[in-house]
Amino acid sequence: MVVSKDGRIRKTQNEKDMASYENFLAFVAISLSIKLIPYVEATTDIAILKLIFSFILVVILVQLFVRNKMISNFLHKLCKKLKVNIAIPYVTYLIFYVLLSF
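Quick notes on the rules
- Residues numbered from 1 in each chain as written.
- Predicted model: local features only at pLDDT ≥ 70, side-chain atom pairs only at ≥ 80, totals over all residues.
- Heavy atoms only, no water.
- Core = buried A, V, L, I, M, F, W, Y, C linked by side-chain atoms within 4.5 Å.
- Buried < 20%, exposed > 50% of the residue type's maximum accessible area, 1.4 Å probe, protein only.
- Helix = DSSP H or I, 4+ residues; strand = E, 2+ residues; numbered from the N terminus.
- Contact = heavy atoms within 4.5 Å.
- Salt bridge = Lys/Arg side-chain N within 4 Å of Asp/Glu carboxyl O.

**Student:** Honestly, the nonpolar core in this entry has me stumped. Any pointers?
**Tutor:** In a soluble, globular protein the nonpolar side chains are often hidden away together inside. Counting 12 residues, the largest nonpolar core consists of Tyr-21, Phe-24, Leu-25, Val-28, Ala-29, Val-40, Leu-57, Leu-61, Phe-65, Leu-75, Cys-79 and Tyr-93. At the level of secondary structure, the elements contributing two or more residues to this core comprise helix H1 (13-41), helix H2 (47-67) and helix H3 (69-82). Take this core: its biggest share by element is six residues, from H1. When near neighbours in sequence (up to four residues on either side) are disregarded, Leu-75 contacts Tyr-21, Phe-24 and Leu-25.

**Student:** What's the story with the pattern of salt bridges in this structure? I'm lost.
**Tutor:** Oppositely charged side chains can pair when the atoms bearing their charge come close. Enumeration over the complete set of coordinates arrives at one salt bridge. Put simply, Glu-22 and Lys-69 hold a salt bridge, and the shortest N to O gap is 2.5 Å. One end of the pair, Glu-22, is in helix H1; the other, Lys-69, is in helix H3, and 47 residues separate them in sequence. Relative accessible area serves as the criterion here: at 42%, Lys-69 is assigned to the partly exposed category.

Quick look at the structure:
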């Protein structure tokens with residue numbers, strides 16, 4: 001973060017880039033949790049437990065993917081090394097997601 005002369009706090013370009021990779025990882029975590037929720041709900045017949053278990057699953061996946069800076073740093077370095085923008089991981093993930101869904 002950089003403080004400008006008028007006192008505003010601005011993000012650096014690297015922080016903006018990292019935010020886009022964290023958004024991608026949040027997308028991955030939520031889409032995986034949507035795929036896994038039916039399996040978690042099949043473990044019990046009690047509706048409130050299904051809701052609690054599903055919520056716990058979503059929280060755990062988001063914590064693993066988004067809060068873990070190691071994964072976002074690795075993804076950022078890999079994309080820089082391969083000289084690709086953030087759209088390529090999205091497209092690649094969507095293709096694998098659709099192929100594995102069938």
